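Single-letter residue listing:
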Number of protein chains: 4
Amino acid sequence: MKTEVVTLNKERNVTLTAYLQGVGGEFRYVTKRPAILILPGGAYQFCSEREADPVAMPYLAAGYQVFILRYSLGENAAWPNPLNDYDEAMALIRNNAEEWNLYADKIAVIGFSAGGHLAGAAATMSKNRPNAAILGYAVLGEDVKGCLLSAPSTIEAVDYQTCPCFLFSSRTDNLVPIQNSIEFMGALAKYGISFESHIYSFGPHGFSTADSSIQPKETKMSARIPDWVEDSIGWLKEMFGDFGPAGLEVPACKARVNDDFEAQYTVDCTMECLMKNEAAAKLLNDWMTELEQSGNEMVKGVSGKAHLVLKMKLRDVLNFVRLPQMAEALNEKLAQIEKK
Amino acid sequence: MKTEVVTLNKERNVTLTAYLQGVGGEFRYVTKRPAILILPGGAYQFCSEREADPVAMPYLAAGYQVFILRYSLGENAAWPNPLNDYDEAMALIRNNAEEWNLYADKIAVIGFSAGGHLAGAAATMSKNRPNAAILGYAVLGEDVKGCLLSAPSTIEAVDYQTCPCFLFSSRTDNLVPIQNSIEFMGALAKYGISFESHIYSFGPHGFSTADSSIQPKETKMSARIPDWVEDSIGWLKEMFGDFGPAGLEVPACKARVNDDFEAQYTVDCTMECLMKNEAAAKLLNDWMTELEQSGNEMVKGVSGKAHLVLKMKLRDVLNFVRLPQMAEALNEKLAQIEKK
Amino acid sequence: MKTEVVTLNKERNVTLTAYLQGVGGEFRYVTKRPAILILPGGAYQFCSEREADPVAMPYLAAGYQVFILRYSLGENAAWPNPLNDYDEAMALIRNNAEEWNLYADKIAVIGFSAGGHLAGAAATMSKNRPNAAILGYAVLGEDVKGCLLSAPSTIEAVDYQTCPCFLFSSRTDNLVPIQNSIEFMGALAKYGISFESHIYSFGPHGFSTADSSIQPKETKMSARIPDWVEDSIGWLKEMFGDFGPAGLEVPACKARVNDDFEAQYTVDCTMECLMKNEAAAKLLNDWMTELEQSGNEMVKGVSGKAHLVLKMKLRDVLNFVRLPQMAEALNEKLAQIEKK
Amino acid sequence: MKTEVVTLNKERNVTLTAYLQGVGGEFRYVTKRPAILILPGGAYQFCSEREADPVAMPYLAAGYQVFILRYSLGENAAWPNPLNDYDEAMALIRNNAEEWNLYADKIAVIGFSAGGHLAGAAATMSKNRPNAAILGYAVLGEDVKGCLLSAPSTIEAVDYQTCPCFLFSSRTDNLVPIQNSIEFMGALAKYGISFESHIYSFGPHGFSTADSSIQPKETKMSARIPDWVEDSIGWLKEMFGDFGPAGLEVPACKARVNDDFEAQYTVDCTMECLMKNEAAAKLLNDWMTELEQSGNEMVKGVSGKAHLVLKMKLRDVLNFVRLPQMAEALNEKLAQIEKK
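As the structure is a computational prediction, the values presented were derived from the model and not from experiment. (Residues numbered from 1 in each chain as written. Chains lettered and ligands numbered in written order. Predicted model: local features only at pLDDT ≥ 70, side-chain atom pairs only at ≥ 80, totals over all residues. Heavy atoms only, no water.)

### Digging into the overall build of chain A
Next up, step 1: Along chain A, the regular secondary structure elements total 11 helices and 10 strands.
Next up, step 2: For chain A, the spread of C-alpha atoms along the three principal axes comes to 70 × 50 × 40 Å.
Next up, step 3: For chain A, with 340 residues in total, the buried portion stands at 62%.
Next up, step 4: Placing the 32 positive and 42 negative side-chain charges of chain A at their respective mean positions leaves the two points 2 Å apart. (Helix = DSSP H or I, 4+ residues; strand = E, 2+ residues; numbered from the N terminus. Buried < 20%, exposed > 50% of the residue type's maximum accessible area, 1.4 Å probe, protein only. Lys, Arg positive; Asp, Glu negative; His and termini not counted. Charge placed at Lys NZ, Arg CZ, Asp CG, Glu CD.)

### Some words on the interface of chain D and chain A
Next up, step 1: In this assembly, 34 residues from chain D lie in contact with 34 residues from chain A.
Next up, step 2: For the pair chain D and chain A, the interface holds four salt bridges.
Next up, step 3: In this structure, Glu249 of chain A and Lys217 of chain D form a salt bridge, with 3.0 Å as the shortest nitrogen-oxygen distance.
Next up, step 4: The element that contributes the greatest number of residues to the side of chain D that touches chain A is helix α1 (residues 53-61) of chain D, accounting for six residues. (Contact = heavy atoms within 4.5 Å. Salt bridge = Lys/Arg side-chain N within 4 Å of Asp/Glu carboxyl O.)

### A closer look at the relation of the copies chain D and chain A
Next up, step 1: When chain D is fitted to chain A, the residual RMSD is 0.0 Å, and the transformation amounts to a turn of 180° plus an axial shift of 0.0 Å. Such a combination of turn and shift is consistent with a two-fold rotation axis. It is Met57 of chain D whose C-alpha, among those of chain D, lies nearest the rotation axis, at 2.7 Å.
Next up, step 2: A share of 100% of interface residues in chain D that are also interface residues in chain A marks the association as one of identical surfaces. (Least-squares fit on C-alpha atoms with pLDDT ≥ 70 in both.)

### Remarks on the pattern of salt bridges
Next up, step 1: Under the defined criterion, the tally for this structure stands at 52 salt bridges over all chains.
Next up, step 2: Measuring nitrogen to oxygen at the nearest pair gives 3.0 Å for the salt bridge that ties Asp159 of chain C to Arg129 of chain C. Of this pair, Asp159 of chain C sits in the loop between β6 (132-136) and β7 (165-170) while Arg129 of chain C sits in the loop between α3 (114-125) and β6, placing them 30 residues apart in sequence.
Next up, step 3: A single salt-bridge network, built from bridges that share partners, covers Glu196 and Glu238 of chain A together with Arg224 of chain B.

### A look at the confidence of the model for chain A
Next up, step 1: In this model, chain A carries a mean pLDDT of 94, and residues with pLDDT of at least 70 account for 97%.
Next up, step 2: Per the prediction output, this complex has pTM 0.96; the corresponding ipTM is 0.96. (pLDDT = per-residue confidence, 0-100.)

### Things to note about the pairing of strand β7 (residues 165-170) of chain B
All names here are of chain B.
Next up, step 1: Buried residues dominate β7, accounting for six of its six residues.
Next up, step 2: Of the strand pairs in this sheet, strand β6 (residues 132-136) and β7 are connected by four bridges, and their pairing is parallel. Along β7, the bridge assignment pairs Gly136 with Phe168.
Next up, step 3: Where β7 and strand β8 (residues 195-200) come together, six bridges link them in parallel fashion. Among the inter-strand pairings, Leu167 is bridged to a residue of β8, identified as Ser197.
Next up, step 4: Handedness of the β-α-β unit built from β7, helix α4 (residues 179-190) and β8 comes out right-handed. (Pairing = 2+ DSSP bridges. Right-handed = clockwise from strand over helix to strand, strands pointing away.)

Structure follows, in structure tokens:
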């Protein structure tokens, strides 16, 4: 393994540490690797070393190229300095993708506490968006003012270009109220963004990997807290694709759960989204009427459950009325409707 | 193991099946067992057998007495019939606690989909509240109208007497929108109720235990979905206490995360709660001023972060300013303030 | 779930308890189930209830039909009474395979301590051999005399028809010396029988599933001991095949690791086995000479490592010299050599 | 993390790479760390990079200082060169214990395949014995001649000063016969050495950590193989002690399972060991006779089971006859008997 340290901003003491693993040779099939950029916490006042190197190790073990950003802190932290640091680091990593043997479009960011705020900002308001974000007991809403008055809430910034997110935290976090995670999830749900979330029953703020070499053993916390490490690696495999004979495989999970925010209408849009468009609504209503008249019993069930059905994707409704084969024809017709 | 089937309502075809394990003898120390009541799903139209027996097994393996309620369905399901069935079943279990060798105050309920709605109703609006509730891909909000028009949302019903909850679901659930879980968590957070929650990246509705004997193997779903089973058992151990030499041990996790809704003020109330009371606010402000004048540097930090501090418990603020030993004296003074 | 209790021998108080799960309906694809027969321990003096019902539960959860045999004990235990009890039980299960919805050729046996001896005897010397055997801290050698003087060692009884075995035990077992497991494995290796084995660093005899409701919590034992339960289920899936859309799938692991004891020679025999036959040895030597003369460098490496190569399968040698495509032609020639 | 590379022997191209983690500061309580020395495999012909860095990562994540030894290979590998390399490396690590912030008496060695042979040799015949050894699909017996003719079997070298061992391998290893592991365990058992062992049902030779970035995904192997990594870390915690508030805690598991090879007799010797000494045998026989005459029923059971009892520790026999309180008095008397 090779270590490189790049100074990004001497004045503000910003550095990027790279832990780079080899490719090829005995690492059969591995010609490039996915990457992860670590943003340690520390209330924008200091850099929590517990959330730097110890976090790097499990991702290295999982085959990643790993980077640690030590961003602007304390007097240098006035917003948007830390976000600019992130943007610069991500640009550097993407630009060096070939030299550093990594996939430029498979770079995750992971942040803890205030670093989790920065990761949330990276996911929602940066120039160089990451491809996935892991948010550990993150300050995501207005509570961030408690550490950095100039920093904005990330919850309102969630948009349909936000990358998939993995959130974890403790229900009894004694510093960052759990509402930060809940409200961020609500925003992700609104925009159809993929996410996974684990809120553990109890435990303190700032447990890092919760390994016994880091989190004092007498700490009272849920026995499941250390699971987030392997779970986040499993999740990244689903979002980026696992290592396969011809590079990373096709991801098992898509970045968005429906097509509501895509450029054109498809059967993977929700009924709610389609029904808001006059032409699409007419198409669907005509189709359902026709079916109902032709005696399809399932459609009757569906029309009677408008409330539930509105939130389903058209494809799921088709499966429900046992007409999955209609997807293609409907897709063609929907494609002709202009989306505004 | 002994099996009993009790008919609760012949007309509505409501039965309670009991799987009862022995105590004493070689089961050294085990004189009573915790219990769990299973509420299978099925859209209030049918009883999903995949969510009945197969769910019983892991809890039996973990030492529980297990019950399955087959509640009012279809034409018999008009609300509040199912909730009345639940109430009757829980009353019967509690009344038979001695005969059935179980702890009357350590009875969880677990429900799936529409059964998860019933479990949510049990937790929030029943006469005989359970001691913990596990809500599996549950319909918790107004979406319940899609299966049973007369059934109410449980989200608005959450109150400070709601039992601790464990929620799990798939982000891409194609029938029950993920907002059901997110909004229920928001309501639990508002009332300071303990909970744990796992939202997995992707997978269909209705996976039950996700064992390969139940969920067809070709199903595309997150590799972490089957974890909910053991995780829920671990969570119950934290809420009820694990088996120990003198019966169940003291639970590791409390049912509420703070004392805001208790009968009197304590240092385990949030600052926000205390500051709303004039006398308590005066007490705290006087104390902080005094400390600040005495040169305590940490208190300065605290007063400058009012926003963050308001959501913390007074005890955590005391720890933060390194005066944990003041908890007792403050508790005494707070106890004298009348709570309205 | 249906429970049946069959009395096998009234005089000797031998019973078979059946826990039978449903098939079809919502258990899509499941038309039959694999089965497991539990043989609790108790030094052939009593029946350890800790090793009866609590062991049934995890296999039920994994989709098995489960049986518990309460065999001849104490004064009734004179050998071969317990083995006869086993044989009768297995015959009954196989005969009822259709009625009980189970695969007659996918029936495992699991035994603990003295019950592990009986399971070992079932695997090696019974009339109705099981299809797999799980041996928990089992008395397998002459040490069995310590509980039942008339009982034989099973180690010398291992033969090439012995079923695949899964062994687990504690290195510091204070009753059954670890040599029992080691020597049994040695015998399995000699006959090319598939097995898996987990010897945990420390822990007492008789921990059963090691669940906290069974094994007193203050017990000092390796944190990995409870893993045997899920590991044995994973192993059974590999030996029997996992549930799939058309019944149990093709097993991932074969019952024997080579073809040395099969009716005819193949490239899956070890070199050692083949070289003992004059005709096979000539075939291989001629072939190697020819290759060497044709300049194949790898073969030179192989002939110089006779010691190591003798223990390899011919197929692995072919892969090593990068001539895997020769397997078919050699198989044809080997098939013509008569095996004595 | 700091990386150092030390050249141990320029001529033979022997190097020691050190990955060193910080102590103190935020790593509260961690003033020193346990360490592990990695010996990659490669048939004593090349260094398998798959078994170097990727193995380092999980132990770094668990808080270890990690070293990789690239020992003498190919033409330089004539025995005992590799063993001398090991001895030099271990001496260097122990000598630098203070500078490198590690416990000089908590240094494990881990080796794979031929590196597993070297680790086995380190454990049994080196000058600077390690404190624990992890042996991965290791060549331990005469089969080592297949890679290095001059290298000795380690099985016969096992002695009572051999350190605790953790073995793992695949039953169907196509290069190293499973007998290597079985016979090594037999030797460890003979000398009362602590060990843990996992033999997985099937899989190829050389799987390293079995991570998907290392072991091609299409590899057919037991789903449990990757477990060895976390299991070995759990085992090391039991042998070395876990991180605690005052440094590493007291180990949960002792290095030997009885006192048979200690300097003096104790109740933790096996009956077999004690009965071989005339004076000890007389002491025990007199004591048993006395007890039997006093009507102790349990002792009768014991004397009738001489075979089993011989392998038990005297302490376990005392527990069995319900006289644990006699341990102290017997220890005093045994201490006066001279051990030859």
